Amino acid sequence: MNLPVPHAQLAALAERVAHLAPAQALALLAAEYPGQVAMSTSFGLEDQLLTYWVAEGGLPIRVFTLDTGRLFEATYKTWSATLDHYGIAIEAYHPQPTAVEALLAAKGPHSFYASIENRKECCYIRKVEPLARALAGTAVWVTGIRAEQSPNRADMALVEWDPAHGLIKYNPLLHYSETEVWAQVRAHTIPYNVLHDRGFPSIGCEPCTRAVAPGADPRSGRWWWEANTNRECGLHSSTPATETEPATHPHAR
Ligand code: SF4
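Residues numbered from 1 in each chain as written. Predicted model: local features only at pLDDT ≥ 70, side-chain atom pairs only at ≥ 80, totals over all residues. Heavy atoms only, no water.

Quick look at the packing of helix H5 (residues 97-107) against helix H6 (residues 116-134) now. Running from N to C, H5 and H6 point in directions that differ by 155 degrees, and their axes come no closer than 10 Å. With respect to each other, H5 and H6 are oriented roughly antiparallel. For the element pair H5 and H6, the recorded crossing hand is left-handed. In this structure, H5 contributes Ala99, Val100, Leu103, Leu104 and Lys107 to the contact, and H6 contributes Asn118, Glu121, Cys122, Ile125 and Arg126. (Axes fitted to C-alpha atoms, helices over the stretch in contact; angles between N-to-C directions. Helix = DSSP H or I, 4+ residues; strand = E, 2+ residues; numbered from the N terminus. Parallel < 35°, antiparallel > 145°, perpendicular 65-115°, else oblique. Left-handed = near helix turned anticlockwise from the far one by under 90°. Contact = heavy atoms within 4.5 Å.)

Written out as structure tokens, the structure reads:
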């Protein structure tokens, strides 16, 4: 998607939200872009805080998740707990069944361990393509990205243009520390994934995520078998990803 970057619109929006608390900024965006603001959740700590703000504020913001089919059971339990706690609708996007069937038939259930190309192929089928469908018609995508999660993310902006999907991305927690997020989660008794208490600061698919030592790079437990990669899977790519040309830009998630 090669829409022109709306620099003036981005700058004006960034200026307006810069001095607002995230909950206020989310309300502003929901009012300015009615029916066109969507939040993605993987039920990680940051996303749970965003969900709290959306739910408590009764904000008309779509909440969606990408159910890759390979998530931890603890993540599904967090999903259920979130529904029970807030009573909000969370849309689920799944990979195209025919694509998964073809991948499994050709390469089996663990092809991602064999090569980076295979891993990005699986991420494309299970995450990137469903994300594109989830974001169709969306003007503003709200994410739980934090700058301190990785050098790639430190380069991101509070309000930025996502050229891969042709929309504005708002990262309200960009400058939050992990400690600050935990403080909010505890203060508001927000349900969270128990894996965070077991050494998983970043939680993705079960076969591709493991616990890390205290103080270690928070994303080092993702695709740990890959050397010298940016621990990203293409959700936050700056260029459109294709199945044959997986996202490789350093901003790719
Ligand atoms: Fe596939 Fe692993 Fe990517 Fe999940 S994280 S989509 S299982 S390669």
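With that out of the way, let us pick up the environment of Arg16. Mapping Arg16 onto the fold places it in helix H1 (residues 7-18). Judged by relative accessible area, which is 39%, Arg16 ranks as partly exposed. With 12 residues separating them in the primary sequence, Arg16 and Leu28 have C-alpha atoms 9.1 Å apart. Those residues in contact with Arg16, other than ones at most four positions away along the chain, are Leu28 and Glu32. (Buried < 20%, exposed > 50% of the residue type's maximum accessible area, 1.4 Å probe, protein only.)

With that out of the way, let us pick up the site of the ligand. Around the ligand, the surrounding shell consists of Arg70, Phe112, Arg119, Cys122, Cys123, Arg126, Lys127, Cys205, Cys208 and Trp223. Residue composition of the shell around the ligand, grouped by class: 6 nonpolar, no polar and 4 charged. (Near = heavy atom within 4 Å. Nonpolar A, V, L, I, M, F, W, Y, C, P; charged D, E, K, R; others polar.)

Moving on, we get to the sheet that holds strand S2 (residues 62-66). Read from one edge of the open sheet, 6 strands run S3-S2-S1-S4-S6-S5, paired in mixed fashion. The open sheet has two edge strands with one neighbour each: strand S3 (91-93) and strand S5 (159-162). The average angle at which neighbouring strand axes cross in this sheet is 30 degrees, direction not considered. With 3 bridges connecting them, S2 and S3 associate as parallel partners. Note on S3: the bridge partner recorded for Leu66 is Tyr93. Against the sheet, H1 makes contact with S5 and strand S6 (167-170), and its axis sits at roughly 150 degrees relative to S5, the strand it touches most. (Pairing = 2+ DSSP bridges.)

Attention shifts here to the nonpolar core. If you look at the biggest cluster of nonpolar residues, it comprises 42 residues, and the most contacted ones within it are Leu26, Leu29, Tyr33, Ile61, Val140, Ile168 and Tyr170. Every residue in contact with Tyr33, bar those within four places of it in the chain, is listed here: Gln9, Leu13, Ala139, Val140 and Ile168. By size, the runner-up hydrophobic cluster in this structure holds 20 residues, among which are Ala38, Phe64, Trp141 and Leu167. (Core = buried A, V, L, I, M, F, W, Y, C linked by side-chain atoms within 4.5 Å.)

For the rest of this paragraph, the subject is H1. Along an α-helix, residues three or four apart share an orientation, since each turn contains 3.6 residues. Taking 1.5 Å of rise per residue, the 12 residues of H1 would be expected to cover 16 Å, and the 16 Å separating its terminal C-alpha atoms lies within 8% of that figure. Among the residues of H1, those classed as buried are Leu10, Leu13 and Val17. Buried residues of H1, seen end-on, are gathered within an arc of 70 degrees and therefore sit on one face of the element. Looking at H1, the residues exposed on the side facing more than 90 degrees away from the buried face are His7, Ala8 and Glu15. (Expected span 1.5 Å × (residues − 1). Arc of directions from axis to C-beta.)

Keep in mind that these numbers describe shape and distance, not what the molecule does.
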